[in-house]
Amino acid sequence: LYSIILFCVFLWIPFVYFYYEEKEEDDGNTCSQVKTALKYTLGFITICAVLLLIGAFVPLDIPNKKNSTEWEKVKLLFEEFGSSHGLAALSFSISSLTVIGMLAAITYTAYGMSALPLNLIKGTTSAAYERLENTEDIEEVEQHLLRIKSKCRDGRPLSSRDRRTVQQLEERLRTLRRRERHLESIEKSWWTKFCEAIRPLKIVWGVFFIIVALLFTVSLFLSNLDKALHSAGFDSGFIILGTNLTNPLNMLLPVLQTVFPLDYILITTIVMYFIFTSMAGIRNMGIWFFWIRLYKIRRGKTRPQALLFLCMILLLIVLHTSYMIYSLAPQYVMYGSQKYLVQSFSPCPVGQKGLYLKCMYAILFAFLLDQCIVTRTYLFLHKFWFFSAAYYFGNWAFIAVFLIGLIVSCCKGKKSVIEGEVDEDDSDMSDDELSVYY
């Protein structure tokens, strides 16, 4: 599955993206478009190959022999690669993508976790009220245009300043008339009436989502605080082998694991929650590259390239969810519901030779650490300590962005019923098909 993710991120999605770019710029034959797309995709394949080589041939355990030759060191690299069957190479590549997914989660998921529930609770403005305000704005702009154009009734030309003002007002008038058509279509649509009917249900879902978001944030804070207080520090990637400050999810998942498949149901719910909140964040913010806005996500008018970016961002965020679940429930990811018999306790219950303890308490007893088996997922996520350190600081950034987004979402008023549907830089070509989307 991880290999399929590498295939999609470094080959399939870039190829389709550049194919659509060439299709828009040149309406020539398909073969030339495929060749150009493959040429640009080779750059992504090269990056993937470099990541795999770095992960495969950078030794994690450097020998301490001072008299070892260069050939022995090179031989050690290939021995490690052969013994791990390429697992280190795949782990390094996936961890690199997970860091990018962490940045996307900080940008979109953290904001969506606050924006989605508060937008459900506050709702949108009334289409009829917005249409009335829009009509007043149209009349005001038309009157302003008439006043300016009345200056040239006697044949005198307008000044350059007045011409610029007329041009701005005409663009503003076109936008307002497009808003008028959108608002009229939404006001008459059955979907608007249905949303008004389920308004109480939206409020309930909004309250539920904000409670879940606060639960996740508190669990993430306690987990990071535990690492800050009890881990070995930056050089170890802030890794701890047990939990000293537990949280609700960390207690709940090991209990659910004893009854199949309750833990899988909860994990699936958590992943779907992250997907929905991420989509809400991308929908509200658009797709950005630093300070440059690349694409907007809008109903019925999203470009194919934007949809490909959306798929890639969601893919990377879901990839980062693997580490996010470890942060939320380290006991579940590390040991699951494992228990081991401790024979040194006294007194013991009648008929027993000792007490069964969960492996999450093994950190208190050093002699138990060798008995508790760490899961393969934990080893895969923590094969390189510097990625673990990056995830640790990323969790703090995630919490900070969520709190900032929560404050911003609380201060903002109700969203427009056509939020993001009409912008000044849009054309009128899709307004004739509003009935398809409303």
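Residues numbered from 1 in each chain as written. Predicted model: local features only at pLDDT ≥ 70, side-chain atom pairs only at ≥ 80, totals over all residues. Heavy atoms only, no water.

Turning our attention to the environment of Phe384. In this fold, Phe384 is placed in the loop between helix H13 (376-381) and helix H14 (385-411). Spatially, the C-alpha atoms of Phe384 and Gly237 are 8.2 Å apart, while their sequence positions differ by 147 residues. (Helix = DSSP H or I, 4+ residues; strand = E, 2+ residues; numbered from the N terminus.)

If you walk through the whole model with that rule in mind, you get three salt bridges. Among the ionic pairs, Arg179 bridges to Glu130, the shortest N-O distance being 3.2 Å. In this pair, Arg179 is assigned in helix H6 (residues 160-188) and Glu130 in helix H5 (residues 127-149), connecting sequence segments 49 residues apart. Here Glu130 falls in the buried class, since its relative accessible area comes to 7%. A salt bridge links Glu180 to Arg131, with the shortest nitrogen-to-oxygen separation between them at 3.1 Å. With Glu180 in helix H6 and Arg131 in helix H5, this residue pair connects regions lying 49 residues apart in the sequence. Its relative accessible area of 16% is what places Glu180 among the buried residues. (Salt bridge = Lys/Arg side-chain N within 4 Å of Asp/Glu carboxyl O. Buried < 20%, exposed > 50% of the residue type's maximum accessible area, 1.4 Å probe, protein only.)

Glancing now at helix H10 (residues 262-285). For the α-helix, the turn length of 3.6 residues means that residues three or four positions removed from each other point alike. With 24 residues, H10 should cover 34 Å at 1.5 Å per step; its first-to-last C-alpha distance of 35 Å lies within 8% of that length. For H10, the elements touching its buried residues are helix H4 (87-122), helix H8 (199-230), helix H9 (248-257), strand E1 (287-289), helix H11 (304-328) and helix H12 (330-334). Looking one or two residues beyond H10, the residue adopting positive phi is Gly286, at roughly 85°. (Expected span 1.5 Å × (residues − 1). Contact = heavy atoms within 4.5 Å.)

A surface patch of nonpolar side chains, amounting to about 630 Å² of accessible area, comprises Phe289, Phe290, Trp291, Ile292 and Leu294. The topology assignment puts Trp291 in the loop between E1 and strand E2 (292-295). (Patch = residues over 30% accessible without salt bridge, like charges linked within 9 Å, V, L, I, M, F, W, Y side chains within 5 Å. Areas by Shrake-Rupley, 256 points an atom, 1.4 Å probe, with all protein chains shown as cover.)

A few words on the environment of Leu90. In this fold, Leu90 is placed in helix H4. When the C-alpha positions of Leu90 and Leu52 are compared, they lie 6.4 Å apart, and in sequence the two are 38 residues distant.

Here Asn134 takes part through its side chain, which lies 3.2 Å from a polar atom of the side chain of Glu180. Sequence-distant contacts of Glu180, defined by excluding residues within four places in its chain, comprise Arg131, Asn134, Thr135 and Ile138. (Polar contact = N/O pair within 3.5 Å; in protein donor to acceptor, adjacent residues only side chain to side chain.)

Below, the discussion takes up unusual backbone geometry. For the bond running from Phe260 to Pro261, omega is 0°, close enough to zero to count as cis. By the element assignment, Pro261 lies in the loop between H9 and H10.

This brings us to the UniProt feature "transmembrane region" (unreviewed entry) in the chain. This chain's UniProt record puts "transmembrane region" (unreviewed entry) on residues 5-20, 40-60, 87-111, 203-222, 265-294, 306-326 and 385-408. Secondary structure content for residues 265-294 is 70% helix and 20% strand, and the end C-alpha separation is 36 Å. Helix makes up 100% of residues 385-408 and strand 0%, with an end-to-end C-alpha separation of 35 Å. (UniProt positions renumbered as here; feature names shortened; annotations may be inferred.)

Let us now look at the confidence of the model for the chain. Close inspection of predicted coordinates is inappropriate in any region flagged by low pLDDT. Mean pLDDT over the chain: 77, with 79% of residues reaching 70 or higher. In this model residues 62-67 is a low-confidence stretch, pLDDT under 50, and it forms one contact with partners more than four residues away in sequence or in other chains. Predicted confidence for residues 427-438 stays below pLDDT 50, and this span has 18 contacts to residues more than four positions away or in other chains. (pLDDT = per-residue confidence, 0-100.)

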